[in-house]
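What the coordinates show
Here's the letter readout for the chains.
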Amino acid sequence: MKLFAPAMTLSLLLLLSNTVNAQKDKPTAQEVSKAKTLKEKYEDEDVVISDKKTEITFSRNSRTNKVEVREEITTTFFSLASRADIGYSTGYDNESSIETLNLTDKRNKRIAWNINDEAYSTQSIFHNDYRVKYAKLTFPLQGYLRTVKEVKEYKDIKYFTTDYFVEPYRVIKGTMSITIPEWLEMEIKEYHFGNNDIKRLSKKVGADTQVTFKINNLSPMKSEYRMPGNSYIYPHVLYLTQSFKDSKGAEITLFKETQDLYNWYSSLVNDVDIQTTDIAVKVNELTAGLTTDDEKVKAIYYWVQDNIKYIAFEDGIAGFKPDSPQNVFSKKYGDCKGMAILLKTMLIEAGYDARLVWIGTDHISYDYSTPSLSVDNHMITAIMVDGKPIFIDGTEKFNSYGTFATRIQGKQALIENGDSFLLKKVPQATPEFNKEIYQGTFKINGNDLVGIMNKELTGEQASSFLYDFTGMEQDKRQEVMLKVLTDGNDNATVENVSAFDPTDRDAILKLNYDMKVSNAVSSFDDNLYLELDPVRYLANWTMDEDRQNSYKMNNTRVEQKNISLELPAGYTVETLPDAISIDNQFLKVEAHYTLDGNQINYNSQIKIKTRLIEKNQFDTWNTAIEQIKNFYDEQIVLKKA
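Residues numbered from 1 in each chain as written. Predicted model: local features only at pLDDT ≥ 70, side-chain atom pairs only at ≥ 80, totals over all residues. Heavy atoms only, no water.

1. Regarding helix H2 (residues 29-41)
The terminal C-alpha atoms of H2, which comprises 13 residues, lie 19 Å apart, in line with the 18 Å expected from a rise of 1.5 Å per residue. Every buried residue of H2 is listed here: Glu31, Ala35 and Leu38. Looking down the long axis of H2, one finds its buried residues gathered within 70 degrees of arc, a one-sided arrangement. Facing away from the buried surface of H2 by more than 90 degrees, the exposed residues are Ala29, Gln30 and Glu40. Looking at the buried residues of H2, the elements they touch are strand S1 (47-61), strand S2 (66-79) and strand S8 (145-154). (Helix = DSSP H or I, 4+ residues; strand = E, 2+ residues; numbered from the N terminus. Expected span 1.5 Å × (residues − 1). Buried < 20%, exposed > 50% of the residue type's maximum accessible area, 1.4 Å probe, protein only. Arc of directions from axis to C-beta. Contact = heavy atoms within 4.5 Å.)

Written out as structure tokens, the structure is:
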């Protein structure tokens, strides 16, 4: 027995040590009390960030002659709930790396952590070699503290562009310190500080400048459906790195002006190897026999839309440098840059002045007055006609020539122009460009309405339908069709939908079909009661008062209906719903019923004037929607003669 006693003693000591360590990691009475107080104040929040410290420093790499960035982030999480599980994630790409990612307890003791690492994908972006490291944090008791220490490094300062102060969790307090060496010329531009408690301090540390932001009690960010992009909403800074002096004192220009940004983009494009032998053959084939410029341009543009598959994935410098057009042509797929340079090459082969265009979609709030890689996330093509650009986006599969997706309308575009550049805005379409028009005739059949409906779609109402419809498997397309034609009316069914050509982008999309609306008619005391509109557009589009962010519509648009109902034999009209008329900053609505002989005519037009509904405007919007809903709810009453 004595032989084994030391081992038993060692095991017991380890057990006791672990128990003591666990006890030391447990929340104190003071920490629990603090958690309870915060929970009462923020009852919907289970975890907050009690403190976040960020330190950013810069160094010169003499081998690459680039400025490197080191960002050290220490985030302490504090549990308000009796138990909570949350996630922590951070990203990197070919121009950055996560050097450290550690989890510690409140005594700064390391905790084992299962960290996952995988690719992240999204669409319509320049580069997507982006990867995410993520892991779970568990808080077994109220008042628990856990700290994540992260060190991220950037190989080239030009890719270090933005820092947001908000997090998915409330930040009780925090500091962000940026030490700018005297050899680095940098501007730190602030956005959306507003009423947030963020204070900027600046001081000299020797020859360097230290900028510190102190933050207090920032509300958590929240991802919500159809919200504007983060750059429109949340407090953040842009790092505008203008130039630096190398170790020998020579000044290296980065992005002082828009011209510098264009020069860098242009240098990447000029390095693309372009060979046109096979492309020229295809261009000649597509334009053979065509006589007008519009016909030729459309033939090329629509061929790219139909035959080149859009993907978003590119690695490294290819995130900013287009693939060669011959590669995109032969592979039959490419990202936005690859499709743009292929279109440019094909149009030049056909004899046109075609140019590449850099542009930020409406997800981005900046324009080219701010020279930064954060300004744009998309590339398209322009064909110059009489000195003016007509924009062409190969990634938009069903846009006709001369039309533009809402996501780039009104946005500033950077257009190739030799050694210089042009800045032009993409035209903004009116609501009338995006239309849905219903023409219908109905009869009463028992408790049902049955009839024939004709629907026309133009602009993005047509292109978005075609995108959804053709993107589905054959056996799922009927679901898309039903959703579009009934707008979610569970009592409506459609049959005998007319054929249409999804590749004919220049034609108005017309859908003719038979419609039945079940249980649309009820009877009481020889009277019939019914609602004639089978598509109650906007009836359920009230804004949730608990929503945190503004709401951004897909597009502005017009919905128009002209529907008639044949009176059944032996019935006359007892009452028709009162007309409705609304005209505010968001909507213009006109709808009414009239009696014409043996026929009731229903005419309505709803125009969405603007896409953005600010949070403080929800009441105005909801009041209008309630009026529309009440109008739909009013019934036609038919009296037996």
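Next comes the rest of the description.
2. Section: the confidence of the model for the protein
Mean pLDDT over the protein works out to 92, with 94% of the residues at or above the 70 mark. Contacts from residues 1-8, a stretch scored under 50 in pLDDT, to residues over four places away or in other chains number zero contacts. Counted against residues more than four places away or in other chains, residues 123-127, with its pLDDT under 50, gives 27 contacts. (pLDDT = per-residue confidence, 0-100.)

3. A look at the environment of valine 237
As for its placement among the helices and strands, valine 237 is situated in strand S14 (residues 236-245). Separated by 45 residues in sequence, valine 237 and histidine 192 have C-alpha atoms that sit 9.0 Å apart. Excluding residues within four positions of it along the chain, valine 237 makes contact with Thr161, Thr162, Asp163, Phe165, Ile188, Lys189, Glu190, Phe193 and Phe213.

4. A look at the side chain of glutamate 150
With respect to the helices and strands, glutamate 150 occurs in strand S8. Only 2.5 Å separates the side chain of glutamate 150 from the side chain of tyrosine 88, close enough to count as a polar contact. One polar contact links glutamate 150 to threonine 90, side chain to side chain, over a distance of 2.5 Å. Residue contacts for glutamate 150: discarding those within four places in its chain leaves Glu71, Glu72, Ile73, Tyr88, Thr90, Ile98, Thr100 and Leu101. (Polar contact = N/O pair within 3.5 Å; in protein donor to acceptor, adjacent residues only side chain to side chain.)

5. Observations regarding the packing of aromatic side chains
All chains considered together, the criterion is met by 31 aromatic pairs. When the centroid spacing of 6.2 Å and the interplanar angle of 65 degrees are considered together, the rings of phenylalanine 255 and tryptophan 264 count as edge-to-face. Accessibility assignment for this pair places phenylalanine 255 and tryptophan 264 in one class, buried. With 6.0 Å between their ring centres and 80 degrees between their planes, phenylalanine 586 and tryptophan 621 make a pair best called edge-to-face. Here phenylalanine 586, found in the loop between strand S32 (580-583) and strand S33 (587-596), pairs with tryptophan 621, found in helix H10 (residues 618-633); they are 35 residues apart in sequence, far enough to count as distant. Classification of phenylalanine 586 by relative accessible area gives buried; the value is 1%. A network of ring pairs unites the aromatic residues Tyr159, Phe255, Tyr262, Trp264, Tyr265, Phe320, Trp358 and Phe421 as a single cluster. The ring centre of tyrosine 92 lies 5.9 Å from the NZ or CZ of lysine 133, which sits over that ring. Directly above the ring of tyrosine 42 sits arginine 170, whose terminal nitrogen or CZ lies 3.8 Å from the centroid. (Phe/Tyr/Trp six-rings, centres within 6.5 Å; stacked < 30°, edge-to-face > 60°. Lys NZ or Arg CZ within 6 Å of the ring centre and 35° of its normal.)

6. Some remarks on the nonpolar core
Ranked by size, the top nonpolar core spans 57 residues in total, and within it Leu449, Phe465, Leu532, Leu538, Leu587, Trp621 and Ile628 carry the most contacts. The leading source of residues in this core is H10, at seven residues. Dropping the residues within four chain positions of it, tryptophan 621 is found in contact with Leu538, Trp541, Thr542, Met543, Met553, Phe586, Leu587 and Ile613. Counting residues in hydrophobic clusters, the runner-up holds 50 residues, among them Leu240, Leu347, Tyr368 and Tyr401. (Core = buried A, V, L, I, M, F, W, Y, C linked by side-chain atoms within 4.5 Å.)

7. What about the sheet that holds strand S6 (residues 116-119)?
Each strand in a sheet pairs with its neighbour through backbone hydrogen bonds, running either in the same direction (parallel) or in the opposite one (antiparallel). Pairing is antiparallel in the open sheet, where three strands are placed in the order S3-S7-S6. Here the strands that pair on one side only, and so sit at the sheet edges, are strand S3 (84-92) and S6. Averaged over all pairs of adjacent strands, the angle between their axes in this sheet comes to 25 degrees, without regard to strand direction. As judged from the nine bridges shared by S3 and strand S7 (residues 131-139), these two strands associate in the antiparallel manner. Across the sheet, residue serine 89 finds its bridge partner in S7, namely tyrosine 134. (Pairing = 2+ DSSP bridges. Axes fitted to C-alpha atoms, helices over the stretch in contact; angles between N-to-C directions.)

8. Here we look at unusual backbone geometry
Unlike most non-glycine residues, histidine 192 shows phi in positive territory, near 60 degrees. Among the secondary structure elements, histidine 192 is positioned in the loop between strand S11 (184-191) and strand S12 (197-205). Given a relative accessible area of 32%, histidine 192 falls into the partly exposed group. You will see that aspartate 386, though not glycine, has its phi angle at about 55 degrees, which is positive. You can see aspartate 386 is positioned in the loop between strand S19 (378-385) and strand S20 (388-392). On the basis of relative accessibility, which here comes to 77%, the residue aspartate 386 falls in the exposed class.

9. Section: the sheet that holds strand S22 (residues 420-425)
Ordered in space as S20-S19-S18-S21-S22, the five strands form an open sheet in which the pairing is antiparallel. In the strand order of this sheet, the two ends are held by S20 and S22, each with one partner. The sheet shows a mean angle of 35 degrees between the axes of neighbouring strands, taken without regard to direction. Across five bridges, the pairing between S19 and S20 is antiparallel. Note that in S20 the partner of valine 385 across the bridge is lysine 388. Against the sheet, helix H3 (residues 258-270) contacts strand S18 (354-359), strand S21 (412-417) and S22, and its axis sits at roughly 55 degrees relative to S21. Where helix H7 (residues 336-349) meets the sheet, it contacts S18, S19, S20 and S21, and its direction lies at approximately 20 degrees from that of S19.

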